[in-house]
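Understanding the architecture of this molecule
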Amino acid sequence: MAAVTPSSMNEANGNSETYFDDVTAEGSVRRLQVVRAGSRYFGIPAENISTIVGWHEPTPLPDAPQCVLGVVSVQGRMLTVLDLARLTAGKADGNDAARGTAEHIVALRGDEQLALAVNEVSEVMELSSAESNMRRQMQTSLVSDVFHHENREIEILSLKELFPAAIKGRERRRRRF
């Protein structure tokens, strides 16, 4: 399948830690790619997305945590694919039947070379820092904010927490010289 790259993703400012891009004197705006994983909706900062491709089965990794589906090549990069639904599932909603089948792989920018398996890719939203429906809610380390849009609760992912959440205390294998 062909890669889908929203035009907003090409306008990255290069700083993955920036919460909002300054665009106006009155406030600031950030662009979020909305995706669905399982029954939940997530916002991923658009500047942190390299590309979005159709699903192809990752090569499994031995002894990997359940949320690590394997590795896949996307645009010449080998990425570790994380099951976003399983990674963010609480104890109550962690069953596989609720997850559904992943249909897209969201390749992320960054040194950790991660990708996310998601069920649906939705619109790119512009979210103002002054929006009244935004509220700070630290439910988990993976979710930095939650806001409501068109009767949906959209959780904004903290991408720097993805890898630590996936390995959950397992020691990362290190090269020995």
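Structural notes, computed from the coordinates. (Residues numbered from 1 in each chain as written. Predicted model: local features only at pLDDT ≥ 70, side-chain atom pairs only at ≥ 80, totals over all residues. Heavy atoms only, no water.)

Quick look at the nonpolar core
Heads up, the condition is: As used here, the term nonpolar core means buried Ala, Val, Leu, Ile, Met, Phe, Trp, Tyr and Cys residues forming a set that is joined through side-chain atoms within 4.5 Å. Note on exposure labels: buried denotes an accessible area under 20% of the residue type's maximum, exposed denotes more than 50%, and partly exposed covers the range between, all computed with a 1.4 Å probe on protein chains only. Put simply, DSSP marks the helices as runs of H or I at least four residues long and the strands as runs of E at least two long, and each gets a number from the N terminus on. Contacts between residues were defined by any pair of non-hydrogen atoms, one from each residue, lying within 4.5 Å.
Counting residues in hydrophobic clusters, the biggest one holds 24 residues, and the most contacted among them are Ile44, Val106, Leu108, Leu116 and Leu162. Listing elements by their share of this core, those giving two or more residues are strand E2 (28–37), strand E3 (40–45), strand E4 (49–54), helix H1 (84–88), strand E7 (104–108), strand E8 (114–118) and helix H3 (162–167). Considering every element that reaches this core, the biggest residue donor is H3, with 4 residues. When residues no more than four places from it in sequence are discounted, the contact partners of Ile44 are Arg31, Leu32, Gln33, Val35, Ile49, Val106, Leu108, Leu116, Leu157 and Leu159. Counting 9 residues, the second-largest nonpolar core is a separate cluster that includes Val53, Val72, Val81 and Ala115.

Examining the pattern of salt bridges
The criterion, for reference: Basic side-chain nitrogens of Lys or Arg form a salt bridge, by our definition, when they fall within 4 Å of a carboxyl oxygen of Asp or Glu.
Scanning the model with the defined rule gives 5 salt bridges in all. Residues Asp145 and Arg30 are paired through a salt bridge, measuring 3.6 Å at the closest nitrogen-oxygen approach. Here Asp145, found in strand E11 (residues 143–149), pairs with Arg30, found in strand E2; they are 115 residues apart in sequence, far enough to count as distant. As far as the burial class goes, Asp145 and Arg30 line up, both buried. Across the pair Arg40 and Glu155 runs a salt bridge whose closest N-O atoms are separated by 2.7 Å. In this pair, Arg40 sits in strand E3 while Glu155 sits in strand E12 (residues 152–157), placing the two residues 115 residues apart along the sequence. Of the residues examined, Glu155 reaches a relative accessible area of 3% and is grouped as buried.

Things to note about the sheet that holds E8
Spelled out, the test is: At least two DSSP bridges between two strands are needed for those strands to be called paired. The axes used here are C-alpha line fits, helices contributing only the stretch in contact, and every angle between their N-to-C directions lies in the interval 0 to 180 degrees.
Taken in spatial order, the 5 strands make up an open sheet running E4-E7-E8-E6-E5, and their pairing is mixed. Looking along the sheet, the strands with just one partner apiece sit at the ends: E4 and strand E5 (68–74). On average, each strand axis in the sheet is tilted by 30° relative to the strand beside it, whichever way the strands run. Sheet analysis places E7 next to E8, joined by 4 bridges and oriented antiparallel. Across the sheet, the residue bridging to Ala107 is Ala115, located in E8.

Thoughts on the side chain of Ser158
Within the secondary structure, Ser158 sits in the loop between E12 and H3. Residue classification places Ser158 among the buried positions, given a relative accessible area of 14%. Non-local contacts of Ser158, meaning those with residues more than four positions away in its chain, are made with Ser141, Leu142 and Ser144.

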